[in-house]
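Summary of the model geometry
Okay, here's what each chain looks like letter by letter:
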Amino acid sequence: EIGVFEMRENGLREVTNPSELFLSERDRNTSGSVITASMEGTRPILLEVQALVTPSDFGNPQRVATGFDYRRLSILLAVLEKRCGYRLSANNVFLNMAGGVKIFEPAIDLAVCCSIASNLLDKVADNNTVVIGEVGLGGEVRSVSNIEKRIQEAAKLGFKRIIIPQNNMAGLKKNDIKVVAVENLVEAISNCFAG
């Protein structure tokens, strides 16, 4: 289990809702920003995935990831290029997990891909949507664990929609949030921009 604390003038103070802390400073009108839900132990935490895609003036474009596995980023970029037709081999790609969080679970793959596509296309992703899913090499969106907890956390913080893998729909309870099930990366990215 994790505990989140904030350093104040008078010492450490417990943060009772880490999701609110990680989302408090996000700019809602910037392309490349997508919200996802990660599990830390048994606790779901919503966080912001930020991507910046710029043209490369040199032969080898830069790939920089903060809080995310660099090798996993390389795989996701290859999938975006091959399965979605986005030309990323000539661009620098910078990826950041806002708040200094380090995430290693594959359930945030889909949010990473959506944030990169959002910045590449310079289209703002829907601010009321949370994106969850693992991305396979074929561009398919694979199911993730603890989907109910992730959905409940998103609904609790006032999000209106959540994009999840189609295979996670089996046995899903009714929720106070609109659930959008997707089978592949192309479908997920197009739904990311719809209101």
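Below is a short write-up of the structure.

Each value, and the rule that gives it
Residues numbered from 1 in each chain as written. Predicted model: local features only at pLDDT ≥ 70, side-chain atom pairs only at ≥ 80, totals over all residues. Heavy atoms only, no water. Salt bridge = Lys/Arg side-chain N within 4 Å of Asp/Glu carboxyl O. Buried < 20%, exposed > 50% of the residue type's maximum accessible area, 1.4 Å probe, protein only. Pairing = 2+ DSSP bridges. Helix = DSSP H or I, 4+ residues; strand = E, 2+ residues; numbered from the N terminus.

Turning our attention to the pattern of salt bridges. Following the criterion strictly, the structure yields 6 salt bridges and no others. Residues Glu140 and Arg142 are paired through a salt bridge, measuring 2.9 Å at the closest nitrogen-oxygen approach. The exposure class assigned to Glu140 is partly exposed, which follows from its relative accessible area of 24%. Residue class for Arg142 comes out partly exposed when judged on its relative accessible area of 43%. Salt-bridge contacts for Lys156 lead to Glu153; the nearest nitrogen and oxygen are separated by 3.4 Å.

The pairing of strand β3 (residues 33–40) with strand β4 (residues 43–55) spans 8 bridges and is antiparallel. Across the sheet, Thr36 pairs through a bridge with Leu47, a residue of β4. Joining the antiparallel neighbours β3 and β4 is a turn of 2 residues, in which Gly41 adopts a positive phi near 70 degrees. Inspection of the sheet shows β4 paired to strand β6 (residues 91–97) by 7 bridges, in the antiparallel sense. What sits directly across from Val49, in β6, is Met97.

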